[in-house]
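Chain and residue survey
Listed below, chain by chain, are the residues.
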Amino acid sequence: MSVTRIRPWQVLGIPDDFHDEIRFFMPQAQGAGSLLSIESLLLIKVMRVVKPGKIFEFGTYKGLTTRLLLANLPQSDAQAEARIFTLDLPNLDEVRFQGTDVDLAREVLDYRRRYLEEKDSHLVHQILQDSMKFDPEPYVGNFSMIFIDANHALDYVKKDTENSFRMLASGMSCVVWHDYGHPEFPELTAYVDELGTKMKIFLIEGTKMAFHPRGFDPVASL
Ligand SMILES: C[S@@+](CC[C@H](N)C(=O)[O-])C[C@H]1O[C@@H](n2cnc3c(N)ncnc32)[C@H](O)[C@@H]1O
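This is a predicted model, so every value here is computed, not measured. (Residues numbered from 1 in each chain as written. Predicted model: local features only at pLDDT ≥ 70, side-chain atom pairs only at ≥ 80, totals over all residues.)

Things to note about the nonpolar core
Applied cut-off: When buried Ala, Val, Leu, Ile, Met, Phe, Trp, Tyr and Cys residues are joined through C-beta atoms within 7 Å, the set is termed a nonpolar core. Once C-beta atoms are placed from the backbone, each residue is buried if 20 or more other C-beta atoms lie within 10 Å of its own, exposed if 12 or fewer, and partly exposed for counts between those two. Numbering of helices and strands runs from the N terminus, with a helix taken as a DSSP run of H or I at least four residues long and a strand as a DSSP run of E at least two residues long. By definition, residues are in contact whenever their C-beta atoms, placed on the basis of the backbone, come within 7 Å of each other.
One finds Val46, Met145, Ile146, Ile148, Val176, Ala210 and Phe211 to be the most contacted residues of the largest nonpolar core, which totals 47 residues. The element best represented in this core is helix 2 (residues 37–50), accounting for 7 residues. What Ile146 contacts, discounting residues up to four positions off in sequence, is Phe56, Ser164, Met167, Leu168 and Val175.

Next up, the structure:
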């Protein structure tokens, strides 16, 4: 087994029971740092398939993807105060960075995150902590969708991934990694490739998004 490459239409072709209308936002002009439009669309699709009670995001940045997920969050029976947990740094102390990650981290230290503009922003719980020091134990089995997009250096991605699998809920769920195949982060790609020898992981071609689905199979559903 290794990472299976699929086309965006194969993900978009998974049946779901939602109306076709979504809320979307223009990508930031500067580009880097957040998702491509197609990646945003695919993430909404994955969210519609999984219908998560709660979502965890490693790496809030400007809160753009947090806002997108919040604006399209499926209804849930969960009477939770917060449904999207998103983690980012309080400061840069003792954090090691690869490539241009340090610039993104510095850029948002005092940034008013965009999900705060949404009327349902109370459904977002912001955690300000170095993910290397993050304790997943209070959240074991809590999240059915987890998006890993914080520090892309190998030991951080490894730690965030291991924590994600501790926090992943049983039943239909999904772990998504961003920046697979990014030239700045070859170790991240090699790590996800290695994981792909042990579990089903799909790379969506034309994007830097890889995901591990549980309870659904984008290829089988075609
Ligand atoms: C690529 S951006 C996240 C983009 C965001 N997920 C989106 O889609 O808009 C990476 C973020 O990870 C944060 N970060 C970097 N190292 C971190 C660490 N050790 N712990 C927590 N967050 C970290 C940075 O501050 C930055 O905001």
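As for helix 3 (residues 64–71)
Counting buried positions along helix 3 yields 6 of 8 residues, so the element is predominantly enclosed. The complete set of buried residues in helix 3 reads Thr65, Thr66, Arg67, Leu68, Leu69 and Leu70. Against the buried residues of helix 3 lie helix 2, strand 2 (55–58), strand 3 (84–88) and strand 4 (124–128).

Looking at the site of the ligand
Selection criterion: We call a residue near a molecule or strand if the C-beta atom, set from the backbone, is within 6 Å of it. Only Asp, Glu, Lys and Arg are considered charged in this grouping, and only Ala, Val, Leu, Ile, Met, Phe, Trp, Tyr, Cys and Pro are considered nonpolar; every other residue, Gly among them, is considered polar.
Of all residues adjacent to the ligand, which total 25 residues, the nearest are Gly59, Tyr61, Thr65, Ala105 and Asn151. Among the elements of the structure, helix 3, strand 3 and helix 4 (101–107) are those that each provide at least two residues to the shell around the ligand. Of the residues that constitute the shell around the ligand, the class distribution is 12 nonpolar, 7 polar and 6 charged.

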